[in-house]
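The primary structure of each chain is shown beneath.
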Amino acid sequence: MPRGTPTWRAESLVLKGLPPQGPALLEQLGSSLQEQDAGGSHARSGTFLEPQQQVRLGSIAPCSRDPALPGALRICRTSRFRHYHIKEKEIISGARSLECAIVLHRRPAEQTCQRGHGNPGNPDTGYASKVEVSTPSVVEVDLGHTAMLPCSFFILPDSNITYVYWSYIPRSSRTKVYSWVQGKVFVDDSPYVGRVSMDDTFTLAITQTTLQDARVFVCQVGAGSLGVGENRTELRVYKAPEPPEIHANEAGISVGTRESQEIAECVVRNSFPGPNITWLKDGHRLHPEDDKVKIMDTRTQEASGLFTARSRLLAHVPRQDRHAYFQCQAHYLLAGGDRQAQSPKVQVHIFYPTENVSLAIDAPRPQVKEGDHVALRCQGDGNPPPEYSFFRVQNNTATGEEEEQELSGKADKGVLSLGKVHKENTGHYRCKGLDLDTMETLTADAELVVNYIEGLKVTKESPEPVLEGHNLTLTCEARGSRPLAFHWHKDKKGKALGSGQQLQLSNIMREAAGNYICEVTMPGVQGLSRNKQVLVVVYGKPQVSVEKPGVPVQENELVTLTCTALAQPEPSITWSANGTVQNRTENYSVVSNLTVQVTSKLMRSGINCTATNYLGVVTHHVHLERRMTPTTPTTTAPAGNATAEQKPQESKGVIIVAVIVCILVLAVLGAVLYFLHKKGKIPCGRTGKQDITKPDARKDEVVVEVKSDKLPEEAGLLQATNGDQKPAGDQGEKYIDLRH
């Protein structure tokens, strides 16, 4: 070690106010020091302590306080004027711990320990002869928060302080804020009344800080004959600004101008101290550059003391920046460091001439078909866009030159609608764009092809009519803008029968009759198809199907029989029995209904249904079977699609009416006979048959005609008065001679 270098010795330590754990603290402190001399060094512990290094010695219990030095502990070394400080630290939870900061002040042996203003020390004793005051050079606080200004000091052992003054320096003189004199506290009359306080460590607290609090504060400590020591702290107050505002140039910027034009302005309001503004383009910072980028900044302090900063960005902008985003960024200070805030992103309208024009066919699919909505879309790359006009170009066959025919209709933003297109719209189209700034006209061409299918027809290659068992060929023909594909199927939802232009039908039967559909499509053109159908009619003799051999009926009841015949040409139907006939046609079928009264003859012979056309005759026999349970309602049973609709309810109604009529007739006859008997015309007890069938007509005679169409089993109810009954076939007209 070179001569003249101060040595480091730990000969004796004076500690005042230590708790019972003091010996342990001394042991830790002593183990952290190293002794050095001119001839070498030897360590009392394994740790070497460099000057200004701090060592944490751990936490200890709350310590007692030295009345002469409130709120602080003191460690003083008596050799070479080096001092060791232990400062008390306040914990949030309310507990107290000690953080020991060992500071080695390097001093030459011949110098005295001196800080601040004070008297020199005594080199014989090694003690300082002044008061050393320590305060932070700067304390930062956000506006409205509480500022804490600490003040610590050192004096000689067995010495006491007499006062502590806190004051601020508005200009040249000082103004006291808070005082501690011989253990008593005084709040001086100042703008800080009600906002300041001081704890037992002499830390000054200022609540609800304002911008005016940003000044220099002085902590002064007096120790009687030892002198006075002081130090200064600058209090800095910060206020975060409002979010940056950015206003883009609404008028727009032209690329062709030579001078720099304003792109946007940024405003940052109500900040303290004043903020700085930088500019970004697409996230990259812009720097001032001669004749390319200019940034003009101004800063204004408002009446409130806060600052408002403004910045204007001027630049030459190429057309490549038409999609660029600009934003500004505010840089400001808060307690603890720098902060930043960015504005929203904006775009600027940039005007530039048109260099290229394009024409596109706007259609729902790449391959256009008839019926599609098509528009011509013309687009230029200038801002503002050029004026557009549309033309159809055709070659003049005589001259061989192009001829332009301007299309009618108004183009909306470069789009001209052609509506639903047809094959006639196929052709060559042209768009022209006129730039109003440069007065230059640019053109672009496009070809429109409208795909179509036309001339669709289906023919039958067979003699008419088509008879059962013969062959039939169907041919489909069509034209189109591209090759076509043909497909066949029967009826609208029938299964596919094949593909190709021809369909072969061999040994055709009547079941093959119906609608045959030819569908034509264009491969590669989505949605383009046409179809045509043809009706195939197969001629043959009538066909009658049989489901049940007989129809259960009862004699004398009305029955309805239905006969259905299928054939082409349309057959006629006849019945072997007389009755009411109703015919109708359904799906190439003839349906005939016969309503007839069942007689014993019909029960024996049955009824025939005959269907006839020029290709043949078919007869179906309907057998009538006696129904064993007449009271049980039955349903008609079809025979060869011939059905008998039995009507038991109608027969019962006829019987009831016949019975009522007979009773009325008997009552009238009884009354007449009784009247004649009273007159003596008819002797009592007379036997024999009285002839009343053919009386002579006289003016004073009353003739009653009774007609009955009752069924045979009901006719027996009408009898003569003598008890004789006429046979069933003799129930005809009866005449009764009523004589007075």
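Residues numbered from 1 in each chain as written. Predicted model: local features only at pLDDT ≥ 70, side-chain atom pairs only at ≥ 80, totals over all residues. Heavy atoms only, no water.

By the naming in an unreviewed UniProt entry, the protein chain is Cell surface glycoprotein MUC18 isoform X4, taken from Alligator sinensis. Turning to the protein chain, the UniProt annotation filed under Subcellular location (unreviewed entry) states: "Membrane". (UniProt positions renumbered as here; feature names shortened; annotations may be inferred.)

Moving on: the sheet that holds strand 42 (residues 502-505). Pairing is antiparallel in the open sheet, where 3 strands are placed in the order 37-39-42. Only two strands of the sheet have a single partner each, and these edge strands are strand 37 (453-460) and strand 42. Taken pair by pair, the neighbouring strands of this sheet meet at an average axis angle of 10°, ignoring direction. The pairing of strand 37 with strand 39 (residues 472-480) spans 6 bridges and is antiparallel. Its bridge partner lying in strand 39, V458 is registered against C476. (Pairing = 2+ DSSP bridges. Helix = DSSP H or I, 4+ residues; strand = E, 2+ residues; numbered from the N terminus. Axes fitted to C-alpha atoms, helices over the stretch in contact; angles between N-to-C directions.)

Let us look at the state of the cysteines. Each disulfide is one covalent bond, formed between the sulfur atoms of two cysteines. Considering all chains together, one arrives at 5 disulfides under this definition. What pairs with C378 in a disulfide is C431, and their sulfur atoms sit 1.6 Å apart. Disulfide C378-C431: torsion about the S-S bond near -70°, hence left-handed. Taken together, the residues C378 in strand 30 (residues 373-380) and C431 in strand 34 (residues 427-434) connect sequence positions 53 residues apart. Each member of the pair, C378 as well as C431, carries the same accessibility label: buried. (Disulfide = S-S within 2.5 Å. Buried < 20%, exposed > 50% of the residue type's maximum accessible area, 1.4 Å probe, protein only.)

Another point: the packing of aromatic side chains. Counted by the stated rule, this structure contains 7 aromatic pairs. Ring geometry for Y168 and Y192: centres 5.4 Å apart, planes at 70°, overall edge-to-face. Remark: Y192 occurs in the loop between strand 13 (184-187) and strand 14 (196-198) and Y168 occurs in strand 11 (residues 163-169); sequence separation between them is 24 residues. With respect to class, Y168 is no different from Y192; both count as buried. One aromatic cluster is present, formed by F153, W180 and F202 through successive ring pairs. (Phe/Tyr/Trp six-rings, centres within 6.5 Å; stacked < 30°, edge-to-face > 60°.)

For sheets, the rule is that strands pair by backbone hydrogen bonds, running either parallel or antiparallel. Strand order across the open sheet formed by 3 strands is 9-15-14, with antiparallel pairing between neighbours. The sheet is open, and its two edges are formed by strand 9 (147-149) and strand 14, each paired on a single side. Taking the axes of each pair of neighbouring strands and ignoring which way they run, one obtains an average angle of 20° across the sheet. With 3 bridges joining them, strand 9 and strand 15 (residues 204-206) adopt antiparallel strand pairing. Bridged to L149 within strand 15 is L204.

Two faces make up the sheet, and in a regular strand the side chains alternate between them. Alignment of strand 25 (residues 326-334) against strand 26 (residues 337-342), held across 6 bridges, turns out to be antiparallel. From the neighbouring strand, L334 faces strand 26, where its bridge partner is G337. With antiparallel pairing between neighbouring strands as the criterion, strand 25 and strand 26 make up a hairpin whose turn holds 2 residues, including G336 at a positive phi of roughly 110°.

For the rest of this paragraph, the subject is the nonpolar core. Generally speaking, nonpolar side chains in soluble globular proteins are found buried as a group. Formed by 34 residues in total, the largest nonpolar core has its most connected members in I161, W166, F217, V221 and L235. Listed by contribution, the elements that provide at least two residues to this core are strand 8 (138-142), strand 9, strand 11, strand 12 (175-181), strand 14, strand 15, strand 16 (216-222) and strand 17 (228-238). In this structure, this core is formed jointly by two domains, domain 1 (132-238) and domain 2 (242-351), each of which donates at least three residues. Not counting residues within four places of it along the chain, the set of residues in contact with L235 comprises V139, V141, A147, L149, I206, D213, A214, R215 and F217. (Core = buried A, V, L, I, M, F, W, Y, C linked by side-chain atoms within 4.5 Å. Domains from an automatic or database assignment. Contact = heavy atoms within 4.5 Å.)

Our focus in this paragraph is the side chain of D372. Within the secondary structure layout, D372 lies in the loop between strand 29 (368-369) and strand 30. Separated by 3.0 Å, the side chain of D372 and the backbone nitrogen of K369 make a polar contact. Non-local contacts of D372, meaning those with residues more than four positions away in its chain, are made with P364, R365, Q367, G419, K420 and V421. (Polar contact = N/O pair within 3.5 Å; in protein donor to acceptor, adjacent residues only side chain to side chain.)

In this section: the pattern of salt bridges. Following the criterion strictly, the structure yields 25 salt bridges and no others. The shortest N-O distance in the salt bridge between R430 and E402 comes to 3.1 Å. Pair noted here: R430 is in strand 34 and E402 is in strand 32 (residues 402-406), with a separation of 28 residues, a long-range link. R430 sits in the buried class, given a relative accessible area of 11%. By relative accessible area, which is 47% here, E402 ends up partly exposed. The partner of D445 in a salt bridge is R430, and the shortest N-O contact between them spans 2.9 Å. Residue D445 is found in strand 35 (residues 441-448), and its partner R430 is found in strand 34; the two are separated by 15 residues along the sequence. A single network of salt bridges, built from pairs that share partners, joins E402, E404, R430, K432 and D445. (Salt bridge = Lys/Arg side-chain N within 4 Å of Asp/Glu carboxyl O.)

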